[in-house]
Amino acid sequence: MGRISVLVVMALPGKSLSVSLSLGEHADVASAVAIAEKDPVFSEVEFKDFAIGIYGELCELSHKLSDGDRIELYRPIIEDPKEQRRKRAIDQHGLSRGV
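Notes on the structure in this doc start here.

Calculation notes
- Residues numbered from 1 in each chain as written.
- Predicted model: local features only at pLDDT ≥ 70, side-chain atom pairs only at ≥ 80, totals over all residues.
- Heavy atoms only, no water.
- Helix = DSSP H or I, 4+ residues; strand = E, 2+ residues; numbered from the N terminus.
- Contact = heavy atoms within 4.5 Å.
- Salt bridge = Lys/Arg side-chain N within 4 Å of Asp/Glu carboxyl O.
- Buried < 20%, exposed > 50% of the residue type's maximum accessible area, 1.4 Å probe, protein only.
- Arc of directions from axis to C-beta.

**Let's talk about the environment of S22**
No. 1: In this fold, S22 is placed in strand β2 (residues 15-24).
No. 2: As for S22 and I35, which are separated by 13 residues in sequence, their C-alpha atoms are 10 Å apart.
No. 3: Sequence-distant contacts of S22, that is, excluding residues within four places in its chain, are made with R3 and I4.

See below:
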């Protein structure tokens, strides 16, 4: 039976986490996530709280993996990114709406 290599990654404020895994050639996302959850790198991460994708595309846990896939854990968006940028611009430049 052949093996494939995949990377499981997650970005957190101020740092990123990643672990390389070697899996059986018929592995799916669920099996990779189950193994990554047990890795010390992700010891403080609750995987159930995150959406999962491969190279920026959301996927199901049953998705079959290919050699070289990057499995990404996506944090929930707390605030709209456009709104965050607008607030930073106001803070940095003293701007206000309607002026």
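Next comes the rest of the account.
**A short note on the pattern of salt bridges**
No. 1: Per the stated rule, a full pass over the model turns up four salt bridges.
No. 2: The partner of K48 in a salt bridge is E46, and the shortest N-O contact between them spans 3.9 Å.
No. 3: With a relative accessible area of 67%, K48 lands in the exposed category.
No. 4: Linking R70 and E72 is a salt bridge whose minimum nitrogen-to-oxygen distance equals 2.4 Å.
No. 5: With a relative accessible area of 30%, R70 lands in the partly exposed category.
No. 6: Ionic contacts of the salt-bridge type, sharing partners, join the residues E46, K48 and D49 into one network.

**Regarding helix α1 (residues 29-37)**
No. 1: Taken residue by residue, α1 has V29, A32, V33 and A36 as its buried positions. Projection of α1 onto a plane perpendicular to its axis shows the buried side chains occupying an angular sector of 100°, all on one side.
No. 2: Next to the buried residues of α1 lie β1 (3-12), β2, β3 (51-54) and β5 (70-74).

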